[in-house]
Amino acid sequence: MASVQIADVRKAYGTTQVIHGVDIDISDGEFVILVGPSGCGKSTLLRMIAGLENISGGEIRIGPRVVNDVPPKERDIAMVFQNYALYPHMTVADNMAFSMKLRKAPKAEIDERVGKAAGILGLDKLLDRYPRQLSGGQRQRVAMGRAIVRDPQVFLFDEPLSNLDAKLRVQMRTEIKELHQRLKTTTVYVTHDQIEAMTMADKIVVMHDGIVEQMGAPLDLYDNPNNLFVAAFIGSPSMNLLKGTITPEGFVTEGGVTWPIGKHPADSNGKAAVYGIRPEHFRLDPNGLKAEVVVIEPTGSETQVVVRCGGQELTCVFRERIDAKPGENIGITPDTNVTHLFDAATGKRID
Amino acid sequence: MANSAIEMPAGLTRSRSERSAWQKLCSSRNWLGFWYMLPAAGILILFLAYPLFLGVWLSFTDTKIGRAGEFIGLENYEWLGGDSVFWMSVFNTLLYTVVASVAKFAIGLYLALLLNKHLPFKALIRALVLIPFIVPTVLSAIAFWWIYDSQFSIISWSLRQLGWIDHNINFLGDPWNARWSTIFANVWRGVPFIAITLLAGLQTVSPSLYEAATLDGATNWQRFRHITYPLLTPIIAVVMTFSVLFTFTDFQLIWALTRGGPVNATHLMATLSYQRAIIAGQLGEGAAISTAMIPFLLAAIGIAWYGLQTRKWQQGGSND
């Protein structure tokens, strides 16, 4: 196990720079998730840690060692690929043993380690099968088994769950998290799915257009997004964002509705801003703002309501069951302790 | 309406029992399938099976051109058994096939691996590699004929200019020179087919497998040995079967270059068969030589078939 330090790392293909100086510190045993929309550079960064891509600038350390010029096989890392990359002509056991066979480990040691990994992942009965004969979830597990057998310093996962169906994805999510809690190996995990990031990570790194937008514990990111991008990206259903102006009376949207706001810097009055509020931070309040119901989606445990207020659609999630019909009006009030304000020009958080 | 609806079942029952055999036949999908199959079967029988069996039959007769023969049993084969020219052609054919196939495979695989890399002008180079394959065999044979000419050979000329030799090489006049020369020409012609087919196979191998192997600590050679080669074997089996069959039955190149000479030294079974059957008119004997090729070809197909059948990892349903 080891820490990973990424210091001012850059990547350019020809003259096109795709990663613009990224700094991330990953401590020993931490589960870090790089998340962002496709094309944000998260996979490229992971592949640079693995050594599959050259590093154009900056420095990557695994443990105490700078690995910029260390070939992949000497970095002591294991990677799980999006398409699993299982060797189709080898059995499950051979797939897992391949790296050890290459370094000519004794047979007894190979059998022991493969057996142990298979035990951890519940693959004991599948060792003689070929990848073709496995289901998606089983293949995923074999890919992880191949990584576990290596007993590496760092696990790298490149969107490992995106080829699985929704139900299996939830199940594998739990399995991977459990596995990490058990093995405590430093893990870097790439995904575009913010739910995966929220549920699994010790630390989330939100990337966008080759830079780190924000880095921190999942709930920190959720509660205190640094900027509009993170605010919109983290959370599902995503945060409601309204454009308007900050006034002493509250936040006045372009539609002319005045929303109450909590504490905000005195000098921000009159400023063009974006008002953000998460769907679950609305309360039903007969004295609140009038909003017209557009769609009601009850899930049983909660009710998701899309309302129109001041010409803009908002998503609200209530604990209560609501029997209002579309077209009727309900009163809603935001919880002003947890509303967010962002500068309209820079997208930065206004505190 | 009501009446007819009631009456219909009665009418149906009657007719069903009456014309049951013919009706059943008409509605049978197998019978219909048979008719769809018939044209293809007819063509195969007329143009493949009939000539094959005629050839085998002829080999048991003493037919000559212009004279119907009689059944003479294995006499043709007995006679061939004592014919040193026939045995020489068998030896030549085996040598030609084995050496040319191995060389074509080695060079073809090397070229395929090379072309699979990121090269500048990749498409152009790939197209260039195909040229020997596009040129008609006889045309390339004539080119080689000039290259190997005893007086005007460009190879002899170049080597002489370099001062490495002092007289022309007798490429097609000396038995062993002629054998190697024809093999070289065959290899030159056959490499593109193998290279391009293997290249197509290489491109089906997912790059992430190589990345996974790299991370697993495989060297270049180990990646080839443990990933590329095993994944390529199905295509290698197919392409080498074709290559062996085409090389074994090669006729055009030899006929255009040497006509089997010098003194029968480069006769393959195919050219010898043609020489005996058509040129000399001994149809029975020529047919016997052709028929003698069948066991070799069956063996080659058998080996390839076995090679194709024994890969468990390709079988079994995928569960996606």
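- Naming follows an unreviewed UniProt entry, where chain B appears as Carbohydrate ABC transporter membrane protein 1 (CUT1 family) of Bosea psychrotolerans.
- Quoted verbatim from the Subcellular location (unreviewed entry) heading of the UniProt record, the comment on chain B is "Cell membrane".
- Quoted verbatim from the Sequence similarities (unreviewed entry) field of the UniProt record, the comment on chain B reads "Belongs to the binding-protein-dependent transport system permease family."

- By the naming in an unreviewed UniProt entry, chain A is Carbohydrate ABC transporter ATP-binding protein (CUT1 family), taken from Bosea psychrotolerans.
- The UniProt entry for chain A carries the following comment under Subcellular location (unreviewed entry): "Cell inner membrane".
- We quote the UniProt Sequence similarities (unreviewed entry) comment for chain A here in full: "Belongs to the ABC transporter superfamily."

## A short note on helix H14 (residues 269-279) of chain B
Item 1. Counted residue by residue, H14 of chain B has 9 buried out of 11 residues, so it is predominantly covered.
Item 2. Of the residues trailing H14 of chain B, Gly281 of chain B is marked for its positive phi of about 80°.

## Focus on the environment of Trp57 of chain B
Residue and element names in this part refer to chain B.
Item 1. Along the chain, Trp57 turns up in helix H3 (residues 29-58).
Item 2. The partly exposed category is assigned to Trp57, around which 15 C-beta atoms lie within 10 Å.
Item 3. A sequence separation of 89 residues divides Trp57 from Trp146, and the C-alpha atoms of the two residues are 40 Å apart.

## Details of the sheet that holds strand S16 (residues 303-309) of chain A
All names here are of chain A.
Item 1. The strand order S17-S16-S15-S18 describes an open sheet built from 4 strands, whose pairing is antiparallel. Each edge of the open sheet carries a strand with a single partner, namely strand S17 (312-318) and strand S18 (329-334). Averaged over all pairs of adjacent strands, the angle between strand axes in this sheet comes to 55°, irrespective of strand direction.
Item 2. Bridge analysis of S16 against S17 gives 7 bridges, and the strand direction is antiparallel. By the bridge assignment, Val307 is partnered in S17 with Leu314.

## Some details on the sheet that holds strand S8 (residues 186-191) of chain A
Residue and element names in this part refer to chain A.
Item 1. Strand order in the open sheet formed by 6 strands is S6-S7-S8-S3-S9-S10, with mixed pairing between adjacent strands. Each edge of the open sheet is held by one strand with a lone partner, namely strand S6 (77-80) and strand S10 (211-216). Geometrically, the sheet is characterised by an average inter-axis angle of 15° between neighbouring strands, direction not taken into account.
Item 2. Summarising the sheet, S6 and strand S7 (residues 154-158) pair through 4 bridges and their orientation is parallel. When the sheet's bridge partners are listed, Ala78 is paired in S7 with Phe155.
Item 3. Relative to the sheet, helix H4 (residues 136-150) contacts S6 and S7, its axis offset from that of S6 by approximately 175°.

## Some details on the UniProt feature "domain: ABC transmembrane type-1" (unreviewed entry) in chain B
Item 1. UniProt records the feature "domain: ABC transmembrane type-1" (unreviewed entry) for residues 90-304 of chain B in the present numbering.
Item 2. Measuring from the first to the last C-alpha atom of residues 90-304 of chain B gives 21 Å, for a span that is 76% helix and 0% strand.

## Observations concerning the packing of helix H3 (residues 107-121) of chain A against H4 of chain A
Residues and elements named next belong to chain A.
Item 1. Packing of H3 against H4 leaves a shortest axis separation of 9 Å and a crossing angle of 135°. Classed by the angle they form, the pair H3 and H4 counts as oblique. Note that H3 runs across H4; the crossing there is right-handed. The residues of H4 that touch H3, namely those facing Arg113, Val114, Ala117, Ala118, Ile120 and Leu121, are Arg141, Met144, Gly145, Ile148 and Val149.
Item 2. Looking at side-chain class alone, the contact of H3 with H4 contains 8 nonpolar, 1 polar and 2 charged residues.

Definitions and limits used
- Residues numbered from 1 in each chain as written.
- Chains lettered and ligands numbered in written order.
- Predicted model: local features only at pLDDT ≥ 70, side-chain atom pairs only at ≥ 80, totals over all residues.
- UniProt positions renumbered as here; feature names shortened; annotations may be inferred.
- Buried ≥ 20, exposed ≤ 12 C-beta atoms within 10 Å, placed from the backbone.
- Helix = DSSP H or I, 4+ residues; strand = E, 2+ residues; numbered from the N terminus.
- Pairing = 2+ DSSP bridges.
- Axes fitted to C-alpha atoms, helices over the stretch in contact; angles between N-to-C directions.
- Contact = placed C-beta atoms within 7 Å.
- Parallel < 35°, antiparallel > 145°, perpendicular 65-115°, else oblique.
- Left-handed = near helix turned anticlockwise from the far one by under 90°.
- Nonpolar A, V, L, I, M, F, W, Y, C, P; charged D, E, K, R; others polar.

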